[in-house]
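Spelled out from the first residue to the last, the chains are:
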Amino acid sequence: MDNIFAQLQTVVDRYDELNQMLADPEVMNDSQNYMALSKEAGGLRETVEKFKEYERVVQEIADAQELLSDDEMADLAKEDLAQLRPQKENLEETLKVLMLPKDPNDDKNIIMEIRGAAGGDESSLFAGDLLNMYRRYAESQNWSVEIVDESTTEVGGYKEVVLMISGTQVFSKLKFESGAHRVQRIPTTETQGRVHTSTATVGVMPEFEEVEMDGLIDPKDVREDVYRSSGAGGQHVNKTSSAIRLTHEPTGITVAMQDERSQQQNRARAWKILNARVYDHFAQQNEAQYAAQRKNAVGSGDRSERIRTYNYPQNRVTDHRIGLTLNKLDRIMNGELADIIDALVLAEQTAKLAALNQ
């Protein structure tokens, strides 16, 4: 713990420094800087409070130990120590977790892409079910969800749907959802009652603010095509070249956006999604290199990796990365994802702690 204590004191010093800066009138008048510093301070607050609680408990243990030599106070001191020592151990474990290296994207909003994969119409319907599941979970977290692009099928499913989810710690809770989701159930079109297996893929990417986008992509590497929107929209859509297609030539990643009325709005959204997709492309490459050396407890994040099976006949969900099986598929599809997400976060923390102790 000695190394962690040294780091913790650095965190406390930085937290105190941030609070002094936030009280400076010049900083308060600079709203952008003030918000950035407030966010940093907020991210450190829990760690600082736990460390101060830990220091208090350590001092109380020292005080109680001194009283052990006092015949009149010894019994009371022993009772105090019996309570304080477990508190100290629990706080040490909590502080270890709080001091683990954090994903810099954990506080970000996300762009989520859900696609029907293997299984034809049934896979597109399952993609729609996953969309509803995430929407309900987002509602339970007081997050906002906005569909920014969609391609529907004749049966009412989705070939692809892209949504933005905004709120507190969205990426940290949903980042493990990337991968192939497999469903086993009897399709509505099945006349003989046979269970079919289909898949849909989910991609979760951090959304970058405009100030963060600088440097992510070299604009010279992006080709922009402007064209007329198709589909519903009346004469305005037919007469105005408002649709935008961006192509990142080094990777071949393409984003087309035509949902908004103005070219400027479509361009802004297209750039946001392109930044996320290019970042995700290189992040997956880096993760694959890391996974080759040490397998992550919750998988590689590769879209093709099968991460979870939803078995409707047995009302069962299994997350294959951590071997978790829950017999409450109906509740999970209704957005009650906390048990799965908490288990995945714990698995990641356990793996990081194990690596730290090696």
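The residue numbers shown here count from 1 along each chain, following its written sequence. pLDDT decides what is reported in this predicted model: residues at 70 or higher carry local features, side-chain atom pairs at 80 or more are listed and counted, and totals for whole chains, interfaces and linings draw on all residues regardless. Heavy atoms throughout the structure, all of them, feed into the side-chain values; hydrogens and water do not.

## Examining the nonpolar core
In step 1: The biggest cluster of nonpolar side chains holds 34 residues, and the ones touching the most others in it are Met112, Ile114, Leu130, Tyr134, Leu174 and Tyr310.
In step 2: Secondary structure counts use DSSP, requiring at least four H or I residues in a row for a helix and at least two E residues in a row for a strand, with both numbered from the N terminus. Broken down by secondary-structure element, the contributors of at least two residues to this core are strand 1 (110–116), helix 5 (121–140), strand 3 (158–166), helix 6 (170–174), strand 5 (196–206), helix 10 (329–333) and helix 11 (338–357).
In step 3: Ranked by the residues each element gives to this core, the list is headed by helix 5, at eight residues.
In step 4: Once residues lying within four places of it in the same chain are set aside, the contact partners of Tyr134 are Met112, Ile114, Leu174, Glu177, His181, Val202, Arg308 and Leu337.
In step 5: Grouped together as the second largest cluster of nonpolar side chains are 24 residues, Tyr15, Val57, Ala64 and Leu81 included. Buried Ala, Val, Leu, Ile, Met, Phe, Trp, Tyr and Cys residues that are joined via side-chain atoms within 4.5 Å together make up what is termed a nonpolar core. Three labels apply to residues, based on accessible area from a 1.4 Å probe with only protein chains included: buried if under 20% of the type maximum, exposed if over 50%, partly exposed otherwise in between. Any pair of residues with heavy atoms lying within 4.5 Å of one another is described as a contacting pair.

## Concerning the packing of aromatic side chains
In step 1: Stacked, tilted and edge-to-face are the three classes assigned to paired rings of Phe, Tyr and Trp, where Trp is represented by its six-membered ring and a pair needs centres within 6.5 Å; plane angles under 30 degrees give stacked, over 60 edge-to-face, the rest tilted. According to the stated counting rule, one finds two aromatic pairs in the structure shown.
In step 2: Centroid distance Tyr137 to Trp143: 5.5 Å. Interplanar angle 85°. Geometry classified as edge-to-face. Residue Tyr137 shares its accessibility class with Trp143, and that shared class is buried.
In step 3: Of note, Arg185 hangs over the ring of Tyr312, and the distance from its end group to the ring centre comes to 4.9 Å. Whether a charge sits over a ring comes down to the Lys NZ or Arg CZ being within 6 Å of the ring centre and within 35 degrees of the ring normal.

## Examining the side chain of Ser198
In step 1: With respect to the element layout, Ser198 can be found in strand 5.
In step 2: Overall, Ser198 belongs to the buried group, its relative accessible area being 3%.
In step 3: Leave out the neighbours within four places in its chain, and Ser198 touches Ala118, Gly119, Glu122, Ser123, His181, Arg182 and Val183.

## Thoughts on the sheet that holds strand 2 (residues 144–152)
In step 1: Pairing between strands requires that DSSP locate at least two bridges from one strand to the other. Read from one edge to the other, the open sheet built from eight strands follows the order 2-3-1-5-4-9-10-11, with strand pairing classed as mixed. Both outer strands of the open sheet, strand 2 and strand 11 (324–326), are each paired with one neighbouring strand and no more. Averaged over all pairs of adjacent strands, the angle between strand axes in this sheet comes to 15°, irrespective of strand direction.
In step 2: In the sheet, strand 2 pairs with strand 3 via eight bridges, with the strands oriented antiparallel. Pairing of Glu150 across the sheet is with Val161, part of strand 3.
In step 3: With respect to the sheet, helix 5 is in contact with strand 1, strand 2, strand 3, strand 4 (179–185), strand 5 and strand 9 (306–311), its orientation differing from that of strand 4 by roughly 110°. Structural elements are reduced to axes, namely lines fitted to C-alpha atoms, with helices fitted over the stretch in contact, and the angle between N-to-C directions of any two is expressed from 0 to 180 degrees.

## Considering helix 5
In step 1: In this analysis, the expected span of each helix is defined as 1.5 Å times one less than the number of residues it contains. For helix 5, spanning 20 residues, the distance from its first C-alpha to its last is 29 Å, which sits close to the expected 28 Å at 1.5 Å a residue.
In step 2: Among the residues making up helix 5, those that are buried are Glu122, Ser123, Ser124, Phe126, Ala127, Gly128, Leu130, Leu131, Met133, Tyr134, Tyr137 and Ala138.
In step 3: Backbone geometry just after helix 5 places Asn142 at a positive phi near 60°.

## Some thoughts on the pattern of salt bridges
Opposite charge on two side chains permits pairing when their charged atoms draw close.
In step 1: Within this document, salt bridges are pairs made up of a side-chain nitrogen of Lys or Arg and a carboxyl oxygen of Asp or Glu, the two lying within 4 Å of each other. Applying the stated criterion across every chain, the model contains 26 salt bridges.
In step 2: We note a salt bridge from Arg14 to Glu40, for which the minimum N-O separation is 2.8 Å. On the criterion of sequence distance, the pair formed by Arg14 in helix 1 (residues 2–22) and Glu40 in helix 3 (residues 31–67) is long-range, its members being 26 residues apart.
In step 3: Classification of Arg14 by relative accessible area gives partly exposed; the value is 26%.
In step 4: Classification of Glu40 by relative accessible area gives partly exposed; the value is 31%.
In step 5: As a salt-bridge pair, Asp218 and Lys220 come within 3.6 Å of each other at their nearest N and O atoms.
In step 6: The class of Asp218 is partly exposed, set by a relative accessible area of 33%.
In step 7: Taken together, the shared-partner salt bridges connect Asp106, Lys175, Glu348 and Lys352 into one network.

## With respect to the sheet that holds strand 6 (residues 222–227)
In step 1: Strands sit in the order 6-7-8 across an open sheet of three strands; the sheet is antiparallel. Every interior strand has two partners, whereas the edge strands, strand 6 and strand 8 (253–257), have only one. Neighbouring strand axes in the sheet, compared pairwise and without regard to direction, differ in orientation by 15° on average.
In step 2: As defined by bridge partners, strand 7 (residues 243–248) adjoins strand 8 across five bridges and the pair is classed as antiparallel. Within the sheet, the bridge partner assigned to Thr247 lies in strand 8 and is Thr254.

## Brief notes about the pairing of strand 10 (residues 316–319)
In step 1: Across four bridges, the pairing between strand 9 and strand 10 is antiparallel. Bridge assignment links Tyr310 to a residue of strand 10, and that residue is Val317.
In step 2: Taken together, strand 9 and the strand that follows it, strand 10, pair antiparallel across an intervening segment of four residues, in which Asn315 is found at a positive phi of about 50°.
In step 3: Across three bridges, the pairing between strand 10 and strand 11 is antiparallel. Looking across to strand 11, one finds that Asp319 is bridged to Leu324.
In step 4: Between the antiparallel neighbours strand 10 and strand 11 lie four residues, among them Gly323 with a positive phi of about 70°.

Take it as geometry only, folks, not as evidence of what the structure does.
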